[in-house]
Every structure is written in structure tokens, then in C-alpha cells.
Amino acid sequence: YLKSQQKGCEEVGIEFQLEQMAKETTEQELIRFIEEKNKDERISGIILQMPLPPQINAERVQAVIDPAKDVEGVNPENMGMLVYGKPKLAPCTALSVMELIKSTGTSIKGLQVTVVGHSSIVGKPLALLLLSSPFESATTTVCHIATRDLASHTRKADILIVAVGKAGLIKGEMIKEDAIVIDVGVNQVEGKIVGDVVFEEAKEKASLITPVPGGVGPVTTAMLLRNTIQAWKIGLGILVGSEQSKLTSL
Ligand code: NAP
């Protein structure tokens with residue numbers, strides 16, 4: 001992901017700076033470092049790369065990133081604005097899924113969308129984006145580890161989105177005929193990268209399906225670049241409310 005961020009930035013002309021810190025860095029040191037970057041007017045976007053060493057709590061550090069420079073949409077203020085349907089900067093993977101749906105030309109209005117996985121960074125923000133339009137929202141079901149009879153929820157989905165991280169979780173028989181299937185999962189199986197959906201079975205049922213690799217991932221990077229340009233505009237005061245909400249809605 002880091003390499004694709006760097007390459008994407010170079011391609012569109014955004015200067016990308018990688019700041020590597022020692023693995024013994026304390027949380028306070030990292031927070032102070034980010035606070036300095038918040039003040040630096042030359043910087044439009046800040047990304048906290050994962051994974052972090054165990055002495056650092058990611059949520060506490062994400063909360064320090066200036067919401068106007070939070071190009072991954074992980075700061076609690078940006079997360080909170082999702083509830084109102086007006087995020088300044090939303091999480092890139094959730095935006096990527098919305099953009100992929102948009103690219104099909106299908107309106108989500110009233111459709112049954114099932115999201116499998118409810119993490120703070122993918123499943124939950126995605127569910128909020130699917131519900132963010134007052135008149136055009138999808139009927140959204142969110143499944144997770146405690147969901148009983150997962151297949152009963154996936155089988156009714158006009159659009160099925162899977163973000164779990166378990167290869168082979170979604171089999172062909174769990175997919176509605178002609179559904180749109182978006183596989184967010186990234187798993188390594190016998191040296192190969194695969195998604196959460198059994199692609200060969202699912203493609204026989206789905207009308208459209210994203211591959212892994214090469215589906216959600218590259219669009220996520222594109223959303224990061226879009227967020228960065230958006231953050232730059234916010235910094236310059238040239239992006240106003242209505243333009244912001246247009247970017248995150250379908
Ligand atoms: P995560 O934080 O581990 O969350 C996984 C979610 O799946 C959790 O909500 C978990 O529920 C749920 N889950 C686990 N087992 C389940 C089951 N058997 N049935 C239904 N739900 C189940 O992972 P994440 O960060 O959201 O990422 C999910 C996957 O997407 C990973 O493979 C990751 O690598 C990939 N990903 C891809 C991109 C991209 O751009 N392509 C970006 C981000 C993530 P509980 O919390 O209740 O256990």
C-alpha cells in the first residue's frame with residue numbers, strides 16, 4: 001500500500017515524503033511529531049502508516065491528526081461527520097467501494113446492500129456512506145462475527161460487499177443471482193493474494209465482481225489521492241460544504 005501511495009503521488013504530482021521513525025519511538029514523541037506537521041503549511045495530508053509498534057495506541061495518535069489534513073479519514077471528527085452524511089474526508093477504502101458502485105451506473109436507492117465486516121476503518125464507515133443520502137440510501141445490513149446464518153444475509157443482497165480478511169468465506173451458493181459483488185478482503189494463501197470471496201464460483205452468479213488483487217485496492221489509492229487534493233483545497237479555503245458532500249455521495 002505504501003509503494004502504491006508513493007507511486008500514485010508521483011504520477012499526479014503530489015510530493016510524497018516518508019518519515020521513518022525508530023521503533024522505540026514513544027507515543028508522546030509521535031504525537032509531538034504529528035503536531036509539528038499539523039502546523040506546517042507546506043503539508044496538506046498526513047498518513048499514519050500501519051502497523052505500529054505495541055507501545056503506540058493508533059486511535060490516540062489518529063485523534064491528533066488535524067482533521068483538515070486527515071487524508072485517510074481516521075480522525076474521530078471526520079468519522080463523526082459520517083453520521084451526518086457530511087464528511088470532509090472519509091476513509092479511503094469505504095470511498096473506494098462507493099466509487100466502484102457508482103462506476104456500475106447502478107443507483108443504490110432502496111437496494112438491499114449487505115456489508116460483511118464491521119471494522120471502524122472499512123465496514124462501519126461504509127455502512128454510514130450507504131445511508132448518507134436522505135432520499136437515495138440503500139437498505140443496509142451489516143454482518144460481523146456474531147451474525148447468525150451469514151448466508152441468509154448475503155443471499156438477499158443486490159450488492160454484496162465483503163471486508164473480513166478470511167479467504168474462502170463467501171462461496172458461490174451464498175450469492176444472489178446477478179448481484180454486484182465487491183471483495184475488499186486481502187489474504188495470502190500459498191503465496192498468492194486472494195480475496196474473501198471464492199472468485200471462480202462467485203463470477204458464475206454475480207453480474208459484476210471485483211477481482212483481488214486489482215479491484216478495490218487501486219481505487220483505494222486513487223481515493224487517497226483525491227482526499228489529498230481535497231485536503232489541499234480545504235487548506236486553501238477553496239472547498240465549501242456542498243462541494244465536499246458531492247465528493248462522498250453517490
Ligand atoms: P478487521 O479490522 O480485522 O475487521 C474484520 C471484520 O470482519 C470485523 O468486523 C470482524 O468482526 C468481521 N468478521 C470476522 N470474521 C467474520 C466472519 N466469519 N463472518 C462475518 N464477519 C466476520 O479488518 P479490516 O481492516 O476491516 O479489513 C478487512 C479486510 O479488508 C482485510 O483482509 C484487509 O486486508 C482488507 N483491506 C483491504 C483494503 C484495500 O484497499 N483493498 C483496505 C483495507 C482493508 P468482529 O469485529 O466482530 O470480530
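This text follows the structure it describes.
Residues numbered from 1 in each chain as written. Predicted model: local features only at pLDDT ≥ 70, side-chain atom pairs only at ≥ 80, totals over all residues. Heavy atoms only, no water.

Trainee: Please give an account of the environment of Ala 138 that cites residues and values.
Mentor: Mapped onto the fold, Ala 138 is located in the loop between helix 6 (123–130) and strand 2 (139–143). Each C-alpha atom of the pair Ala 138 and Gly 110 lies 4.7 Å from the other, and the pair is 28 residues apart in sequence. Dropping the residues within four chain positions of it, Ala 138 is found in contact with Ile 108, Gly 110, Leu 111, Val 113, Leu 130 and Leu 131. (Helix = DSSP H or I, 4+ residues; strand = E, 2+ residues; numbered from the N terminus. Contact = heavy atoms within 4.5 Å.)

Trainee: Describe the side chain of Asp 196, and please don't skip the residues or the numbers.
Mentor: Tracing the sequence through the fold places Asp 196 in the loop between strand 6 (192–194) and helix 8 (199–205). Look at Asp 196: it is buried, it has no salt bridge, and the nearest opposite charge is Lys 166 at 9.1 Å. A distance of 2.9 Å separates a polar atom in the side chain of Asp 196 from a polar atom in the side chain of Asn 187. (Buried < 20%, exposed > 50% of the residue type's maximum accessible area, 1.4 Å probe, protein only. Lys, Arg positive; Asp, Glu negative; His and termini not counted. Salt bridge = Lys/Arg side-chain N within 4 Å of Asp/Glu carboxyl O. Polar contact = N/O pair within 3.5 Å; in protein donor to acceptor, adjacent residues only side chain to side chain.)

Trainee: Provide a residue-level description of the pattern of salt bridges, including the pertinent values.
Mentor: Enumeration over the complete set of coordinates arrives at eight salt bridges. Note that Lys 176 is salt-bridged to Asp 158, the shortest N-O span being 2.7 Å. Here Asp 158 lies in the loop between helix 7 (150–154) and strand 3 (159–162) and Lys 176 lies in the loop between strand 3 and strand 4 (180–183), a separation of 18 residues in the sequence. When its relative accessible area of 32% is taken as the criterion, Lys 176 is described as partly exposed. You can call Asp 158 partly exposed: its relative accessible area is 23%.

Trainee: How would you explain the site of the ligand if you had to name every residue and give the values?
Mentor: Looking at the ligand, there are 20 residues lining it, with His 118, Ser 119, Ile 145, Lys 166 and Thr 220 nearest. In this structure, Ser 119 approaches the ligand through a side-chain N or O atom, which is 2.5 Å from an oxygen atom. Here an oxygen atom of the ligand and a side-chain polar atom of Thr 220 are 2.9 Å apart. Protein chains shield 68% of the accessible area of the ligand, which is 920 Å² for the free molecule. Sorting elements by how many residues they give to the shell around the ligand places helix 9 (residues 216–236) first, with three residues. Residues of the shell around the ligand, tallied by class, amount to 10 nonpolar, nine polar and one charged. (Near = heavy atom within 4 Å. Areas by Shrake-Rupley, 256 points an atom, 1.4 Å probe, with all protein chains shown as cover. Nonpolar A, V, L, I, M, F, W, Y, C, P; charged D, E, K, R; others polar.)

Trainee: Now, about helix 1 (residues 2–12): what can you tell me, with residues and values included?
Mentor: Every buried residue belonging to helix 1 is among Gln 5, Gly 8 and Cys 9, and all of these are buried. Projected down its long axis, helix 1 carries its buried residues within an arc of 100 degrees, all on one side. Of the exposed residues in helix 1, those oriented more than 90 degrees away from the buried face are Lys 3, Lys 7, Glu 10 and Glu 11. Close packing links the buried residues of helix 1 with helix 9. (Arc of directions from axis to C-beta.)

Trainee: Any details on the sheet that holds strand 1 (residues 112–116)? Residues and values, ideally.
Mentor: Spatially, 2-1-3-4-7 is the arrangement adopted by the five strands of the open sheet, whose pairing is parallel. Looking at strand neighbours, the two that pair on one side only are strand 2 and strand 7 (208–209), the edges of this open sheet. Sheet topology note: the strand 1/strand 2 ladder contains five bridges and is parallel. When the sheet's bridge partners are listed, Val 116 is paired in strand 2 with Cys 143. (Pairing = 2+ DSSP bridges.)

Trainee: Provide a residue-level description of helix 9, including the pertinent values.
Mentor: Along its 21 residues, helix 9 runs 30 Å from first to last C-alpha, staying within 8% of the 30 Å computed at 1.5 Å per residue. Looking only at helix 9, the buried set comprises Val 216, Thr 220, Thr 221, Met 223, Leu 224, Leu 225, Asn 227, Thr 228, Gln 230, Ala 231 and Ile 234. Just downstream of helix 9 lies Gly 237, where phi reads positive at about 75 degrees. (Expected span 1.5 Å × (residues − 1).)

Trainee: Quick one: what's the story with a nonpolar patch on the surface, residue by residue and with numbers?
Mentor: On the surface, a nonpolar cluster with roughly 390 Å² of combined accessible area is contributed by Ile 229, Trp 232, Leu 236 and Ile 238. Inspection of the secondary structure assignment puts Ile 238 in the loop between helix 9 and helix 10 (241–248). Accessibility expressed as a relative area gives 47% for Ile 238, which makes it partly exposed. (Patch = residues over 30% accessible without salt bridge, like charges linked within 9 Å, V, L, I, M, F, W, Y side chains within 5 Å.)

Trainee: Quick one: what's the story with the layout of surface pockets, residue by residue and with numbers?
Mentor: Roughly 1,200 Å³ of internal volume is contained in the largest pocket. Gln 17, Leu 18, Glu 19, Ile 46 and Ile 47 are the residues nearest the centre of the largest pocket, which is lined by 37 residues in total. Residue composition of the lining of the largest pocket, grouped by class: 23 nonpolar, eight polar and six charged. The computed volume of the second largest pocket comes to approximately 720 Å³. What lines the second largest pocket is a set of 30 residues, and nearest its centre among them are Tyr 1, Thr 93, Val 122, Val 184 and Thr 220. Of all the elements in the fold, those that place two or more residues in the lining of the second largest pocket are helix 5 (92–103) and helix 9. Among the elements that line the lining of the second largest pocket, the one with the most residues is helix 9, at four residues. (1 Å grid on protein atoms, 1.4 Å probe; cavity = no way out; pocket = protein on both sides within 12 Å on 5 of 7 lines; lining within 4 Å. Points joined across faces, edges and corners; volume = space filled by probe spheres on them.)

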